[in-house]
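Next come the chains, spelled out residue by residue.
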Amino acid sequence: MALTDRTVLIPDVERIRTQDPNNHLHCRKSQLLAYVAGSTPWSDLLMYRALGSTAAVYRHCHLRGKDRWAFDTPYVTDGDLRLLGFETLSAGTVGLDRFESELPGLLAAGRPVFFYAPRHHFPHWVEFMRRVGTVAEEHRLLHSFLVCGASGTEVVLLDNTSDDHEYFPLTVGWDVLREGYAQEPERWFVDCSTVLPGPGPGPDLDGFESAYRAFLARFRDGFQLYDLIGENLAAERASADAVYRAPGVNSIALLAGSRVLFSRFLELTRHGGPVRAAYAGVARLATELSEQVNAFHAGTPTLSVDRIRGGLAELRQREQRAAALLTDEAARLPRILPSDPDGR
């Protein structure tokens, strides 16, 4: 199938909206989550492991100096997508000819196509990186691109380089892809993937029930990372070359984002009002503190270290109380998730 001047779009592009208001997920996971959420009301089941280890966040951000978008979150995984009824298929790294020849058929079948390529080859990314102050050595990093349509002259992407990080469609000429590929063919069309519905009628709720209980059985956390973020505020502001690279900024963004998503998961469960309210409060406070830490590192003079540290100490206490409520209630509930998709 060859592309013509008519643009071929996958269905329901307008329903592909960000599910990550805190902008903390790796780009490919954010795209997969947005796509799946546009196809099923059960997408928040993917968040059952969002209360991942804060020690893992510490190792990633503070010991290794990595940013939030490189963190491999334990949620939105291929295995959990299968439980939800979706399958991710990867062709690996492909050449330009194969990409051009196979893209029309996938789009006509209603499947999105994902690939990695250097972001500095795309004009909208160059403009975005200049606008937000991305440091020069990061301009050439790979980004996951989501293709939702194409014609014989251009490709339609969904990307989130807007100020609110919401997904929006934009067109890129095939010449952009061809010229970029000619410059760095080994870094283009990396991990080309698509998503298709699985054979089941919907989510495997028994599978999610077992997986969630297994997660809770291993869940142990002292949440000391909140104290560490507060202790390092002043030193990190003095040393960081860009706000978004500070370990504390990345840590609290990951913590806030994960708590927001876990709070949404709870709405699909039989956990009671006190547990849901506790985590909704944790998510709100974590988001507020993430904004404050970011503003502090940006030099906002009205934010004091003591004020932020006090909020972080309160957040740690709230996390500890919420975790106790959660695990105690889960142990008492004979069933945490509905037993069938109509039992919500």
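Scroll up a little and you will see the structure.
This text gives an overview of the structure that appears in the document. (Residues numbered from 1 in each chain as written. Predicted model: local features only at pLDDT ≥ 70, side-chain atom pairs only at ≥ 80, totals over all residues. Heavy atoms only, no water.)

1. Section: the overall build of the chain
Piece 1. The number of helices and strands found in the chain is 12 helices and 7 strands.
Piece 2. The C-alpha atoms of the chain give 21 Å as radius of gyration, which agrees with the globular expectation for 344 residues (20 Å, within 12%).
Piece 3. Taken along its principal axes, the extent of the C-alpha atoms in the chain is 60 × 55 × 30 Å.
Piece 4. Relative to its 344 residues, the chain shows a buried fraction of 54%.
Piece 5. Sequence separation of at least 24 residues holds for 78% of the intrachain contacts in the chain that already meet a minimum separation of 6.
Piece 6. Surface exposure of the chain reaches about 15,000 Å², of which carbon and sulfur atoms provide 51%.
Piece 7. Taking the 37 positively charged and 44 negatively charged side chains of the chain as two groups, their mean positions are separated by 5 Å. (Helix = DSSP H or I, 4+ residues; strand = E, 2+ residues; numbered from the N terminus. Rg over C-alpha atoms; globule rule 2.2 N^0.38 Å. Buried < 20%, exposed > 50% of the residue type's maximum accessible area, 1.4 Å probe, protein only. Contact = heavy atoms within 4.5 Å. Areas by Shrake-Rupley, 256 points an atom, 1.4 Å probe, with all protein chains shown as cover. Lys, Arg positive; Asp, Glu negative; His and termini not counted. Charge placed at Lys NZ, Arg CZ, Asp CG, Glu CD.)

2. Things to note about unusual backbone geometry
Piece 1. Its identity is not glycine, yet Phe189 carries a phi of approximately 55°, on the positive side.
Piece 2. For Phe189, the position within the fold is in the loop between α6 (174–183) and β7 (190–197).
Piece 3. Its relative accessible area of 0% is what places Phe189 among the buried residues.

3. So, the packing of aromatic side chains
Where two aromatic rings form a pair, the distance of their centres and the angle of their planes describe that pair.
Piece 1. All told, the structure shown has 17 aromatic pairs when counted by the stated rule.
Piece 2. Taking 5.4 Å as the distance between ring centres and 25° as the angle between the ring planes, the aromatic pair formed by Phe122 and Trp188 counts as stacked. With a gap of 66 residues between them, Phe122 in the loop between β3 (113–118) and α5 (123–132) and Trp188 in the loop between α6 and β7 connect regions that are remote in the sequence.
Piece 3. Take Trp188: its relative accessible area is 0%, and that puts it in the buried class. (Phe/Tyr/Trp six-rings, centres within 6.5 Å; stacked < 30°, edge-to-face > 60°.)

4. Here we look at α6
Piece 1. Every buried residue of α6 is accounted for by Trp174, Val176, Leu177 and Gly180. For α6, the angular spread of the buried residues around the axis is 160°, confining them to a single face. Seen from the open side of α6, the exposed residues pointing more than 90 degrees away from its buried face are Ala182 and Gln183.
Piece 2. On its buried face, α6 is in contact with α4 (96–108), α5, β5 (154–159) and β6 (168–173). (Arc of directions from axis to C-beta.)

5. Notes on the environment of Gly65
Piece 1. The topology assignment puts Gly65 in the loop between α2 (54–63) and α3 (78–84).
Piece 2. C-alpha of Gly65 to C-alpha of Leu228: the two residues are 163 residues apart in sequence and 15 Å apart in space.

6. Some remarks on the pattern of salt bridges
Piece 1. A full pass over the atoms with the stated rule returns 21 salt bridges.
Piece 2. Of the charged contacts, one joins Glu100 and Arg178 as a salt bridge, the two residues approaching to 2.9 Å between their closest N and O atoms. One end of the pair, Glu100, is in helix α4; the other, Arg178, is in helix α6, and 78 residues separate them in sequence.
Piece 3. The partly exposed category is assigned to Arg178, whose relative accessible area is 35%. (Salt bridge = Lys/Arg side-chain N within 4 Å of Asp/Glu carboxyl O.)

7. Some words on the nonpolar core
Piece 1. Within the largest apolar cluster, 101 residues are counted, with the highest numbers of intra-cluster contacts made by Phe99, Phe115, Phe122, Leu177, Tyr212 and Tyr279.
Piece 2. If sequence neighbours within four positions are ignored, Tyr279 has contacts with Leu51, Phe262, Ser263, Leu266, Glu319, Ala322, Ala323 and Leu326. (Core = buried A, V, L, I, M, F, W, Y, C linked by side-chain atoms within 4.5 Å.)

8. Topic: the packing of α4 against α6
Piece 1. At their nearest, the axes of α4 and α6 sit 11 Å apart, and the two run at 155° to each other. Accordingly, the angle class assigned to the pair α4 and α6 is roughly antiparallel. Across the interface between the two elements, Leu96, Phe99, Glu100 and Leu103 from α4 touch Trp174, Leu177, Arg178 and Tyr181 from α6.
Piece 2. Residue classes in the contact of α4 with α6 are distributed as 6 nonpolar, no polar and 2 charged. (Axes fitted to C-alpha atoms, helices over the stretch in contact; angles between N-to-C directions. Parallel < 35°, antiparallel > 145°, perpendicular 65-115°, else oblique. Nonpolar A, V, L, I, M, F, W, Y, C, P; charged D, E, K, R; others polar.)

9. Points about the pairing of β3
Piece 1. Of all 6 residues in β3, 6 are buried, a share of seventy percent or more.
Piece 2. Pairing of β3 with strand β4 (residues 142–150), which is carried by 6 bridges, proceeds in the antiparallel orientation. Bridge pairing in β4 places Pro118 opposite Leu142.
Piece 3. Sheet topology places β3 next to β7; 3 bridges connect them, and they run antiparallel. The residue of β7 that forms the bridge with Tyr116 is Val190. (Pairing = 2+ DSSP bridges.)

10. Brief notes about the environment of Ala217
Piece 1. Its location among the elements puts Ala217 in helix α7 (residues 205–218).
Piece 2. In sequence terms Ala217 and Thr327 are 110 residues apart; their C-alpha atoms lie 8.4 Å from each other.

11. A look at the side chain of His297
Piece 1. By the secondary structure assignment, His297 is in helix α11 (residues 273–297).
Piece 2. Not counting residues within four places of it along the chain, the set of residues in contact with His297 comprises Leu233, Glu236, Arg237, Val243, Ala246 and Val249.

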